[in-house]
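# Reading the structure
Here are the chains, one letter per residue:
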Amino acid sequence: LAKTTQPISMDSYEGQEVNITCSHNNIATNDYITWYQQFPSQGPRFIIQGYKTKVTNEVASLFIPADRKSSTLSLPRVSLSDTAVYYCLVGDSGVGNNRKLIWGLGTSLAVNP
Amino acid sequence: DAGVIQSPRHEVTEMGQEVTLRCKPISGHNSLFWYRQTMMRGLELLIYFNNNVPIDDSGMPEDRFSAKMPNASFSTLKIQPSEPRDSAVYFCASSPTDGFPYEQYFGPGTRLTVT
């Protein structure tokens, strides 16, 4: 099972770009990288997913280097409402009984005015 | 769509009592997941179903925990007997695919307190 490592917490200010890096040294060939966001008292919400290179949507960008041993979630021009916990997950796309996503404790991002 | 529905939102019970948590997944989704979240351990996958069949229950902490999915629109997670260490937020999530690694849609959670 691919384990991920990400910073416990980060601080930023409104309008800044925030980059959260996740390490996943033992990522497997079939594994995808997925990021979720969780606000207090709510369930996690999908942000973005990728396999390699760069993926961008209306919320964020995901950068994945060629070796795929890490990934960086980039949030452009954050606002106070981006204060949340961000989870990096690595999981495979195969069919079977032993697939799991290990969530860990995530990165707690605090955006200050 | 109403999203994933969980009930109750809050549950306070005494040690030794039976607790049943309920989940209604998004219509048309064929995978359902039960998670537990605590400050110490984060978010842990307990069990997941695909097409109403339990696929992996290795995350269920012990025999006191059981989960069922009698049909595509309903699932329960039961704890019997409950213990104080079961206190946590329990999330149900559903996915339109078999779930890995695709997007999971989470419910609002049930906050369980066992005294």
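Shown above is the structure to which this text applies.
Everything in this summary refers to the structure shown in the same document. (Residues numbered from 1 in each chain as written. Chains lettered and ligands numbered in written order. Predicted model: local features only at pLDDT ≥ 70, side-chain atom pairs only at ≥ 80, totals over all residues. Heavy atoms only, no water.)

## Some remarks on the overall build of chain B
Each helix and strand in chain B was counted, giving zero helices and eleven strands. Of the regular secondary structure in chain B, the N- to C-terminal order runs β-β-β-β-β-β-β-β-β-β-β. Computed over C-alpha atoms, the radius of gyration of chain B comes to 13 Å, within 12% of the 13 Å expected from 2.2 N^0.38 for 115 residues, which places it in the range of a compact globule. Its C-alpha atoms give chain B principal-axis dimensions of about 35 × 30 × 25 Å. A total of 115 residues make up chain B; the buried ones form 49% of that total. Within chain B, counting contacts between residues at least 6 apart in sequence, those at least 24 apart form 56% of the total. Accessible area for chain B stands at about 5,400 Å²; split by element, carbon and sulfur atoms hold 50% of it. Counting 10 positive and 13 negative side-chain charges, chain B places the averaged centre of each group 4 Å from the other. (Helix = DSSP H or I, 4+ residues; strand = E, 2+ residues; numbered from the N terminus. Rg over C-alpha atoms; globule rule 2.2 N^0.38 Å. Buried < 20%, exposed > 50% of the residue type's maximum accessible area, 1.4 Å probe, protein only. Contact = heavy atoms within 4.5 Å. Areas by Shrake-Rupley, 256 points an atom, 1.4 Å probe, with all protein chains shown as cover. Lys, Arg positive; Asp, Glu negative; His and termini not counted. Charge placed at Lys NZ, Arg CZ, Asp CG, Glu CD.)

## Thoughts on the pattern of salt bridges
Residue and element names in this part refer to chain B. As enumerated under the stated definition, the model contains eight salt bridges over all chains in all. The partner of Glu44 in a salt bridge is Arg36, and the shortest N-O contact between them spans 3.5 Å. No difference in accessibility class separates Glu44 from Arg36, as the two residues are buried. Among the salt bridges present, the one from Glu62 reaches Arg64, with a minimum N-O distance of 2.8 Å. Taking the relative accessible area as the measure of exposure, Glu62 reaches 26% and is therefore partly exposed. (Salt bridge = Lys/Arg side-chain N within 4 Å of Asp/Glu carboxyl O.)

## Some points on the layout of surface pockets
Of the pockets and cavities examined, the largest pocket occupies roughly 590 Å³. Forming the boundary of the largest pocket are 25 residues, of which Gln38, Ser41 and Tyr87 of chain A together with Gln37 and Met39 of chain B lie nearest the centre. Considering only residue class, the lining of the largest pocket consists of eleven nonpolar, twelve polar and two charged. (1 Å grid on protein atoms, 1.4 Å probe; cavity = no way out; pocket = protein on both sides within 12 Å on 5 of 7 lines; lining within 4 Å. Points joined across faces, edges and corners; volume = space filled by probe spheres on them. Nonpolar A, V, L, I, M, F, W, Y, C, P; charged D, E, K, R; others polar.)

## A short note on the packing of aromatic side chains
Applying the stated criterion to the full structure yields seven aromatic pairs over all chains. Where Phe91 of chain B meets Phe106 of chain B, the ring centres are 6.2 Å apart and the plane angle is 80°; that geometry is what we call edge-to-face. You can see Phe91 of chain B sitting in strand S9 (residues 88–95) and its partner Phe106 of chain B sitting in strand S10 (residues 105–106), a full 15 residues away along the chain. Assigned by exposure class, Phe91 of chain B and Phe106 of chain B land together as buried. Just above the ring of Tyr51 of chain A sits the side chain of Arg68 of chain A; from NZ or CZ to the centre is 4.0 Å. (Phe/Tyr/Trp six-rings, centres within 6.5 Å; stacked < 30°, edge-to-face > 60°. Lys NZ or Arg CZ within 6 Å of the ring centre and 35° of its normal.)

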